[in-house]
Amino acid sequence: MLSAGAPLAGGDQLLLLHRRNPSLLLFHSSKPIAFTSFTVRSSSSSSSSLKQLHTPPPSSSSSENDDDRKLSSTLSGSSVTFPPVKVAKRVVLVRHGQSTWNAEGRIQGSSDFSILTQKGEAQAETNRQMLIDDSFDICFSSPLKRSNRTAEVIWGSRKEEILTDTDLREIDLYSFQGLLKKEGIAKFGTAFGQWQKDPPNFNIDGHYPVRELWDRATSCWNKILVHDSRSVLVVAHNAVNQALVATAMGLGTEYFRVLLQSNCGVSVLDFVPRPEGGSPYICLNRLNQTPGSPIAAGSSAGRKASNQIILVCHGSSQSNPEASNSDAGDPSMDMLGIIQSQKTAELLLDLKVKSIVSSPRVTPTETANAIVRVQEAADCLGADCVPRYVETKQVKDLDIHGILNRSKKAIFIFKVSYWCSHSDVVNASSLQSGWINEFEDGLLTELWDQSGTAWKSLLNELSNNGSEQDNVVVAVGHPIVTIGLLGHCLNLTKDWMGSFHVDAGSISIIDFPDGPSGRGVVRCINYTAHLGRWSIPITKATQGDEEF
């Protein structure tokens, strides 16, 4: 372990954590590291010593007077505050396994009549195995049976008690609860249509369920963040986990059903204290890593999704930290990168990829070629009965190295990253959460603008492929490109770029259930389970770790 604050050239400082906590590697400069931060209203109740944390149910009149609440795509930012954290905190969100009412297609809401199916129990067990080596300090769970049972399976033989919190229950859907979807359409007609098409403004029994849910999620964060812990497991439900991710990121109710949460899907958020105190820096490290393959056929937020853009971060390369910027050249993938690209190609074999676009640089091109070779051998590999043809294109707007090469700060960060990845301090092939925020504002603007142009190119590519059943476009590029594309998909601004993290070899998937011209729905971000033994762990052991 290295000590903190080791001086480096130019007055910069490098802050390192224990090698078992690489996700908390931060780069310090003359200005504090600047994760995008958002805030949440404070709560008066935060007792962590109770086995159950009680919150009164919402009043029927609590939302009756907010018909005129503005629900445009304005992002909630500086108007509210999160409680400060004393040390870096990682929160792992898990949705419960498949329930009996999930299987029946019945609307559950906050009712407590369904239990886990056999498949749901198996999903929970897969998650237990996935998280078995992680030293969580505490587990918060919804009190509903399907979620509490999932928490019990994952928590296993850990000694700490599971805290149940009524605010973690699923969205309250009142008269809808217990109905099959076809029954909801027949009985409620217009109201059910609004629930499907305009959920933030959906009103039933005098309530606005999605608005209430967002308020409840902010209350949950107050209790989670004030708890004296560094590694937290939260087991809850689909809608409430969406609200937890969105409120942490500062996103409003219009993002309901945009950030998917599948059965036993895992999402990870990092909260890092500010040197001056106050609301912590926040980064979404992972979204919806599922026990099964993320590219399996299915619906997206309840709608059939046959149009997809899959963002692939290229495999790691043979970087040379001693080379000057002009000498760095255009390196090929190293052995780890070759493995990462092959694993990604195997994962995508179950999809019929129509086209692959990549940066013209060597490493993204090599990654794209690996995917093409496996796709076009699908018949030989038994994945398809006929040969496939994949169109490949190189898009200059996916190449951001020209921009990075003009920044001494960017070069410094990448050289430090290389040194760390080839030492015993961390075992990683990627940069760490929030590192983009170290870039100069002008550089961020250039990266954001260019990724916006690239995003338009991808949408055009998807549209030009037609409306066939399998319309899949794969884009291969640098992690910064993936983050920029995700931001444009979500209609954010450059200020949000530091709020996302992706690793080398990861994939992120965007569905278009309403077609290429419709809104993108994010199925997963930074999925790495396909990399097997070379995957990035969902979280790291914290027991015994020292302070910075």
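Bear in mind that the values here come from a model prediction, so they are computed numbers and not experimental data.

Along the chain, serine 451 turns up in helix α12 (residues 441-464). Within the structure, serine 451 has its side chain in polar contact with the backbone oxygen of tryptophan 448 (distance 2.8 Å). Polar contacts involving the side chain of serine 451 include one to the side chain of histidine 488, which spans 3.3 Å. Residues within four places of serine 451 in sequence aside, it is in contact with Gly484, Leu485 and His488.

Trp195, Trp221, Val234, Leu269, Leu447, Leu458 and Phe500 are the most contacted members of the largest nonpolar core, which totals 82 residues. In this structure leucine 269 touches Lys89, Arg90, Val91, Leu93, Trp221, Val245, Ala248, Met249, Ile282, Cys283 and Leu284, once residues within four positions along its chain are discounted. Counting residues in each nonpolar core, the second largest holds 23 residues, with Leu348, Val353, Val472 and Cys524 among its members.

Most of strand β16 (residues 471-477) sits inside the fold, with 7 of its 7 residues counted as buried. Here β16 shows a buried face lined by Asn471, Val473, Ala475 and Gly477 and a second buried face lined by Val472, Val474 and Val476. Across 7 bridges, strand β13 (residues 307-313) lies against β16 in parallel orientation. The residue bridging glutamine 308 from the neighbouring strand is valine 472, located in β16. Pairing of strand β14 (residues 353-358) with β16 involves 5 bridges; the strand directions are parallel. Each bridged residue has a counterpart across the sheet, and for valine 357 the counterpart in β16 is alanine 475.

Residues given the UniProt feature "binding site: substrate" (unreviewed entry) here are Arg95, His96, Gly97, Gln98, Ser99, Thr100, Trp101, Asn102, Arg146 and Lys181. With respect to the helices and strands, the residue histidine 96 is situated in the loop between β5 (89-95) and α1 (100-104). Residue classification places histidine 96 among the buried positions, given a relative accessible area of 1%. With sequence-adjacent residues up to four places away left out, histidine 96 is seen in contact with Asn102, Gln108, Arg146, Ser147, Thr150, Ala236, His237, Asn263 and Cys264. With respect to the secondary-structure elements, tryptophan 101 resides in helix α1. Setting aside anything within four residues of it in sequence, one finds tryptophan 101 in contact with Arg106, Ile107, Gln108, Ser111, Phe113, Ser114 and Gly178.

Analysis parameters
- Residues numbered from 1 in each chain as written.
- Predicted model: local features only at pLDDT ≥ 70, side-chain atom pairs only at ≥ 80, totals over all residues.
- Heavy atoms only, no water.
- Helix = DSSP H or I, 4+ residues; strand = E, 2+ residues; numbered from the N terminus.
- Polar contact = N/O pair within 3.5 Å; in protein donor to acceptor, adjacent residues only side chain to side chain.
- Contact = heavy atoms within 4.5 Å.
- Core = buried A, V, L, I, M, F, W, Y, C linked by side-chain atoms within 4.5 Å.
- Buried < 20%, exposed > 50% of the residue type's maximum accessible area, 1.4 Å probe, protein only.
- Pairing = 2+ DSSP bridges.
- UniProt positions renumbered as here; feature names shortened; annotations may be inferred.

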